[in-house]
Amino acid sequence: MSTLVAIDLGEAEATLVTADASRAGKITILGAKRLPLGELVLASIPALPENSASDGNPNVNGTTNGELNVALNGSASVTNEQASQRLDSLVQHEVDFSLGIVRANRVLFETLNLPFNDTRRLDQIVPLQLQDLMPFDVEDFVVDSVVVAQQKTGAYDILSGLVHRSSVGETLTTLAQFGASPKLLTIKSSAVAALVQI
């Protein structure tokens, strides 16, 4: 069994849901905790080492098969063990995986119709298709897509989500304050489905 934590960052509070996941896919909720965001709560969480402060400018290196490849500048001195110990003490369980939830109001959705469903081709073509539809530079966004349906004509309906890189960075910075280094970021309505990717 693996223990995982989903962290939903709201405007004023964070909700941490701890669960056990069996190899067979059964998920058992162990508990949920709501914490107001702010200095009072973050001060009560065991601190990371002094030399681990990020410069506040997270880099997002893009998406691959629905997974975010993320690195925080300046945080290389924080080991995964130190971060997980911080999160473990907060939820009072030994955490194997964490999942971050991006606020839905920071995500743009667009449905495309394409003649293929190959993930590699989608990763290449979807940003180009979205650029033609959006009044801003799509390169400033993390883009992820999922095939939602096949039409009778053989074409595929593709649902694409876009999150501005600065929003991803803010989310990851806040999650790092909790000691979380999420395996993936998702939105609340997709959180349970995202568990299969962990």
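Procedures and definitions
Residues numbered from 1 in each chain as written. Predicted model: local features only at pLDDT ≥ 70, side-chain atom pairs only at ≥ 80, totals over all residues. Heavy atoms only, no water. Pairing = 2+ DSSP bridges. Helix = DSSP H or I, 4+ residues; strand = E, 2+ residues; numbered from the N terminus. Axes fitted to C-alpha atoms, helices over the stretch in contact; angles between N-to-C directions. Phe/Tyr/Trp six-rings, centres within 6.5 Å; stacked < 30°, edge-to-face > 60°. Lys NZ or Arg CZ within 6 Å of the ring centre and 35° of its normal. pLDDT = per-residue confidence, 0-100. Contact = heavy atoms within 4.5 Å.

Enquirer: Looking at this structure, I do not really get the sheet that holds strand S1 (residues 2-9). What am I missing?
Expert: Backbone-to-backbone hydrogen bonds pair the strands of a sheet. The strands run either parallel or antiparallel. Spatially, the five strands line up as an open sheet ordered S3-S2-S1-S6-S10, and their pairing is mixed. Each having just a single partner strand, strand S3 (27-36) and strand S10 (184-187) make up the two edges of the open sheet. Put simply, the sheet's adjacent strands are angled 25° from each other on average, direction ignored. Note: S1 against strand S2 (residues 13-21), eight bridges, orientation antiparallel. In the strand pairing of S2, Leu 9 is matched with Ala 14.

Enquirer: Sorry, what's going on with the packing of aromatic side chains here?
Expert: Centre-to-centre distance and the angle between the planes together describe a pair of aromatic rings. Under the criterion given, the structure shown has one aromatic pair. Positioned above the aromatic ring of Phe 116, the side-chain terminus of Arg 121 is 4.0 Å from the ring centre.

Enquirer: Please clarify how the confidence of the model for the protein chain should be interpreted in this entry.
Expert: Note that predicted coordinates carrying low pLDDT should not be read in detail. Chain-level pLDDT for the protein chain is 76 on average; 72% of the residues reach the 70-or-more range. Note that residues 39-78 has pLDDT below 50 and, in this model, 65 contacts with residues that lie over four places away or in other chains.

Enquirer: It is not clear to me how the sheet that holds strand S7 (residues 107-114) should be interpreted in this structure. Could you clarify?
Expert: Across the sheet, three strands lie side by side as S7-S9-S8; this open sheet has antiparallel pairing. Only two strands of the sheet have a single neighbouring strand rather than two, namely S7 and strand S8 (141-150). The mean angle between the axes of side-by-side strands here comes to 25°, regardless of whether they run parallel or antiparallel. Against the sheet, helix H3 (residues 119-133) engages S7, S8 and strand S9 (156-164), with an angle of about 110° to S7. Across the face of the sheet, helix H4 (residues 165-177) comes into contact with S8 and S9 while running at roughly 65° to S9.

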